[in-house]
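So you can see what is in the structure, the chains are spelled out below.
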Amino acid sequence: MCDLDTGNGIIYVRERGLLRRVNDIVLAETKAVSSCRRTGPLVLRKEHFMFTYNAEGSLRYSAKSLFDISLLFIADNIHHVDSLSGFPEQIGERLFAAAEEKHIFLNPDTAPRALQVFSDAYGEMVLVSLCLRNRFPLLSERINEIKTFHSLKSLDLFGCRLGDSHEIFQHLTANSLASLSQLFIGGNSLSDVGLQRLTTPIRMLKKGLNNLQLLDLSYNPISERAFGYLTCLPKLQNLDVSGTNLKLGTVLKKNIWDLMGLVHSEKPLDIFDHARCKTEGWAEQVIHQWETNATQMQKQKKIEESRTSALRFFGRQKFVRDVLHATPLVWDKEKDDKRQTLHFFKPEANRCTPEIQIPGTTDDHKEPSRYNVKKRQHQLENSDSHHDGPPAKRVSLSALTAEDMDLLNSY
């Protein structure tokens, strides 16, 4: 039997009819956030002991190992740790679980630094895939913590109301997120201007999204002008532009093939299935904790109601409808099924290129125009090498406009 004196935090154990105090040990309550500096003597905590029952039914206590006690202490002060590089993965995982159990990652003051320590040391083990589909309040509330996940390979931001100038754009094109291979940014009211802003560092500075293989731009008001901004993605293999301003036809198929080497898929590609959206890694439960503890959803609804009333008073009802109903939290699946699917993919390397029939081309010009351009450039270079005069200046294929320079300066 075990009696607790809550006033003094003292534990009494009754064994074989005798009541005695447990070694005069004072057990202190666990604090949510503690400091590495201690002004008083070390106080043992309840979490430092294990209480079990023996075969006779008596309560027995035993101290945890020094390793476990040290692990709990480091978890309490993980935001003070400089680096975990070099520590085995097994220890890192146990330390992360201990910090998660203590809700260290729920505190906005310590969570970014704590997650940064783990991400720097263990990379994609912390989080390799993040799904925030239709969770724009969570993205806004935890933007600083999300930026610490720099080893993501898949990121789903569908329906997060990014618009054309969200601060997450700079994180997507940072060198720290070079491992990203799948990006879902559909249903975000992203226009050609926003796509230009997103790809500016890639086109001008040659950094960011170098390994991107899948891009979902569905249900965004983009036009064919957007394809010119996607030519800077060298490894792009799958593209979804369903529900946009694009209409499937001969011209669209030919333009996408000439610019990016992608062909239209007659059947929807499974890789764009929303059921594949999931979060994987040590921080999976952390994301769940953020979502269950967040109260931003109710606050956001109140803000939207206040905004609607205010703007209606000033006679701007159309603006309210466009903003509040542009990207609903839950996408209407019935309407989604009725829309035309525009999935494009890159053919396999072992497939012969001339066999890919592009509508609108004749038998005499089966080779795509992008190969003809390269052939003409090669012929011009060979012809220029025979001239005695100085070589002519080459015109840059991606001339920098004033708008591009402004975007570049913003980075």
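Right above here is the structure, for reference.
Throughout what follows, the structure given in this document is the object of discussion. The numbers attached to residues start from 1 for each chain and follow its sequence in the written order. Residue-level local features of this predicted model are given only where pLDDT is at least 70; pairs of side-chain atoms are given and counted only at 80 or more, and the full residue set underlies all totals for whole chains, interfaces and linings. Hydrogens are left out, water is left out, and the side-chain values use all remaining heavy atoms of the structure.

Regarding the packing of helix H1 (residues 66-76) against helix H2 (residues 89-101)
- Between N-to-C directions, angles cover 0 to 180 degrees, with each direction set by a line fitted to C-alpha atoms, over the stretch in contact for helices. Runs of E in the DSSP output that reach at least two residues are strands. Runs of H or I that reach at least four are helices, and both are numbered from the N terminus. Across the interface, H1 lies against H2 with an axial gap of 9 Å and an inter-helix angle of 60°. When the interaxial angle is binned, H1 and H2 end up oblique. Helix-helix and strand crossings are classified by hand; for H1 and H2 the assignment is right-handed. Contact with H1, carried on its side by Phe67, Asp68, Leu71, Ile74 and Ala75, involves Ile91, Arg94, Leu95, Ala98 and Ala99 of H2 and no other residues of that element.
- Among the residues forming the contact of H1 with H2, the class breakdown is eight nonpolar, no polar and two charged. Angular relationships are summarised with four words: roughly parallel below 35 degrees, roughly antiparallel beyond 145, roughly perpendicular across 65 to 115, and oblique for the angles in between. Two helices cross in a left-handed way if the nearer one is turned anticlockwise from the farther one by less than a right angle. They cross in a right-handed way if the turn is clockwise. Residues count as neighbours in contact if any of their non-hydrogen atoms are within 4.5 Å of one another. Following the grouping adopted for this structure description, the nonpolar residues are Ala, Val, Leu, Ile, Met, Phe, Trp, Tyr, Cys and Pro, the charged ones are Asp, Glu, Lys and Arg, and the polar ones are all others, Gly among them.

Some remarks on the side chain of Ser265
- Checked against the element boundaries, Ser265 lands in the loop between strand E11 (263-264) and helix H10 (284-293).
- Remark: exposure states derive from per-residue accessible area (1.4 Å probe, protein chains only) relative to the maximum for the residue type, with buried under 20%, exposed over 50%, and partly exposed in between. Classification of Ser265 by relative accessible area gives buried; the value is 9%.
- Counting of polar contacts relies on pairs of N or O atoms within 3.5 Å, with two restrictions inside protein: one atom must be capable of donating a hydrogen and the other of accepting it, and residues adjacent in sequence are counted only when both atoms are side-chain atoms. At a separation of 2.5 Å, a polar atom in the side chain of Ser265 contacts the main-chain carbonyl oxygen of Lys267.
- Residues contacting Ser265, with those up to four places away along its chain left out, are His343 and Phe345.

Some details on helix H7 (residues 192-205)
- Expected span, for any helix, means 1.5 Å times one less than how many residues it has. The first and last C-alpha atoms of H7 sit 20 Å apart over 14 residues, in line with the 20 Å expected at 1.5 Å per residue.
- One fitted axis covers the seven residues ending at a residue, a second covers the seven starting there, and the bend at that residue is the angle between these axes. The largest bend in H7 is about 50°, located at Thr199, with the proline Pro201 one to four residues further on.
- Counting buried positions along H7 yields eleven of 14 residues, so the element is predominantly enclosed.
- Buried residues of H7: Asp192, Gly194, Leu195, Gln196, Leu198, Thr199, Thr200, Pro201, Ile202, Arg203 and Met204, and no others.
- Two residues or fewer after H7 comes Lys206, characterised by a positive phi angle close to 55°.

A word on the sheet that holds strand E7 (residues 154-156)
- Should DSSP find at least two bridges between two strands, the strands are regarded as paired. What the seven strands build is an open sheet, ordered E6-E7-E8-E9-E10-E12-E11; its pairing is mixed. The two strands at the open ends of the sheet, each matched to only one other strand, are strand E6 (129-131) and E11.
- Bridge count for strand E8 (residues 182-184) against strand E9 (residues 214-216) is three bridges, and the pairing is parallel. When the bridges of E9 are listed, Leu183 appears paired with Leu215.

Some thoughts on the nonpolar core
- In plain words, nonpolar cores are sets of buried Ala, Val, Leu, Ile, Met, Phe, Trp, Tyr and Cys residues tied together by side-chain atoms within 4.5 Å. Within the largest apolar cluster, 67 residues are counted, with the highest numbers of intra-cluster contacts made by Phe149, Leu215, Leu217 and Leu239.
- Beyond its immediate chain neighbours, meaning those up to four positions away, Leu239 contacts Leu215, Leu217, Phe227, Leu230, Met260, Leu262, Phe272, Leu342, His343 and Phe344.

A word on unusual backbone geometry
- Look at Arg161: it is not a glycine, yet its phi comes out positive at around 55°.
- Locating Arg161 in the fold gives a position in the loop between E7 and helix H6 (168-172).
- Using a relative accessible area of 24% as the deciding quantity, one classes Arg161 as partly exposed.
- Phi is positive for Leu209, which is not a glycine, with a value near 55°.
- Tracing the sequence through the fold places Leu209 in the loop between H7 and E9.
- Judged by relative accessible area, which is 3%, Leu209 ranks as buried.

Observations regarding the packing of H2 against helix H3 (residues 111-122)
- For the pair H2 and H3, interaxial distance at closest approach is 11 Å and the crossing angle is 160°. For the element pair H2 / H3, the angle class is roughly antiparallel. Taken as a pair, H2 and H3 cross one another with a handedness that is left-handed. Counted together, Glu89, Gly92, Leu95 and Phe96 of H2 and Leu115, Phe118 and Tyr122 of H3 form the full contact between these two elements.
- Looking at side-chain class alone, the contact of H2 with H3 contains five nonpolar, one polar and one charged residues.

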